[in-house]
Amino acid sequence: MLTADERTQLADLLRAAETGRAPIDPLVLAYPDLDPADAYEIQLINIRRRTAEVVGHKVGLSSQAMQQMMGVDEPDYGHLLADMRLDQRTPVDATRYCYPRVEVEVGFILGDDLPGEDCTEADVLERTEALVPSIELIDSRILDWKIGIADTIADNASSAGFVLGDAQVRPSEVDTKGIDAVLTRNGEEVAAGRSDAVLGDPVVAVAWLARKVASFGVRLKAGHVVLPGSCTRAIDARPGDTFVAAFAGLGDVSLHFGRSAQ
């Protein structure tokens, strides 16, 4: 375990990398014994420093392939803050980020608080107000995305922003395991997948998240947004790119990156 001062020092480095758009070497190079428990504490230091309200959480590493690549047997999570919410109608400045990428996700809007340690998939379905089409903007403050599990957890699970579509569908109106999704960039298909790529069912990821955050004294609350993990691989975002994610039975959501500011 790291000392409190060491955790704060690493949190400082990540915060400076984000605000200055100056990625840093992997944290584990300097601290090879950095483990997920320390990394979550580092994540929380930077979340507490920010003034924006926590409006939800995201799940990462929700596919078996990603977990195998990272050498872990469970997902990770990060926080969604009010100032990370993006608008479909407002271009995003890609130069604000180090290495922006987009992911396609079936978003959950909670209608009631979820239970903690005992949360089940049935609880998630019962207490979800709506499913929404969503795109997560991910980024890494670690140089060249050379991340291990501790690096990405400390870096808020590589989260940077999110946008929700206008459509809202009750979970009972769709098969949560069978939602096909297609992502286009500038009108050309660049990725496709299905919601069961997320732990077999994104509902499973939300239930896992509720149980996981409970160990840190956190509850998933009514009104919160939960992004359970991507249906497709992540796609690099460049200035001028327009992405549209289309979900069968759920609707569309778009995200536009403006040209570089001079």
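Here is what the cut-offs are and how they apply
Residues numbered from 1 in each chain as written. Predicted model: local features only at pLDDT ≥ 70, side-chain atom pairs only at ≥ 80, totals over all residues. Heavy atoms only, no water. 1 Å grid on protein atoms, 1.4 Å probe; cavity = no way out; pocket = protein on both sides within 12 Å on 5 of 7 lines; lining within 4 Å. Points joined across faces, edges and corners; volume = space filled by probe spheres on them. Helix = DSSP H or I, 4+ residues; strand = E, 2+ residues; numbered from the N terminus. Salt bridge = Lys/Arg side-chain N within 4 Å of Asp/Glu carboxyl O. Buried < 20%, exposed > 50% of the residue type's maximum accessible area, 1.4 Å probe, protein only. Pairing = 2+ DSSP bridges.

Student: Any details on the layout of surface pockets? Residues and values, ideally.
Tutor: Volume-wise, the second largest pocket comes out at about 340 Å³. If you go around the second largest pocket, you meet 21 residues; those closest to its centre are Arg15, Glu18, Arg50, Arg141 and Ser159. Listing elements by their share of the lining of the second largest pocket, those giving two or more residues are helix H1 (4-20), helix H3 (36-49) and strand S6 (159-164).

Student: Explain the pattern of salt bridges to me, and be specific about the residues and the numbers.
Tutor: As enumerated under the stated definition, the model contains 14 salt bridges in all. For the salt bridge of Arg50 with Glu18, the shortest nitrogen-to-oxygen distance reads 3.6 Å. Here the residue Arg50 occupies a position in the loop between H3 and strand S1 (54-60), and Glu18 occupies one in helix H1, the gap between them amounting to 32 residues. According to the relative accessible area criterion, Arg50 is buried, its value standing at 17%. The salt bridge partner of Asp175 is Lys177, with a shortest N-O separation of 3.6 Å. Because the salt bridges share partners, they merge into one network encompassing Arg15, Glu18, Arg50 and Asp83.

Student: How would you summarise the pairing of strand S7 (residues 180-185) if you had to cite specific residues and measurements?
Tutor: Side chains of S7 alternate between two faces, with Ala181, Leu183 and Arg185 buried and Asp180, Val182 and Thr184 left unburied. Pairing of S7 with strand S8 (residues 188-194) involves six bridges; the strand directions are antiparallel. Bridge pairing in S8 links Ala181 to Gly193. With antiparallel pairing between neighbouring strands as the criterion, S7 and S8 make up a hairpin whose turn holds two residues, including Asn186 at a positive phi of roughly 55°. Sheet topology note: the S7/strand S11 (residues 242-247) ladder contains five bridges and is antiparallel.

Student: Mind laying out the sheet that holds S8, listing which residues take part and the relevant values?
Tutor: Spatially, five strands are ordered S3-S12-S11-S7-S8 in an open sheet, and the strand pairing comes out mixed. Since the sheet does not close on itself, it has two edges, and those belong to strand S3 (92-93) and S8, each with one partner. In terms of strand pairing, S11 meets strand S12 (residues 251-258) through six bridges, oriented antiparallel. Note on S12: the bridge partner recorded for Phe243 is Leu255.

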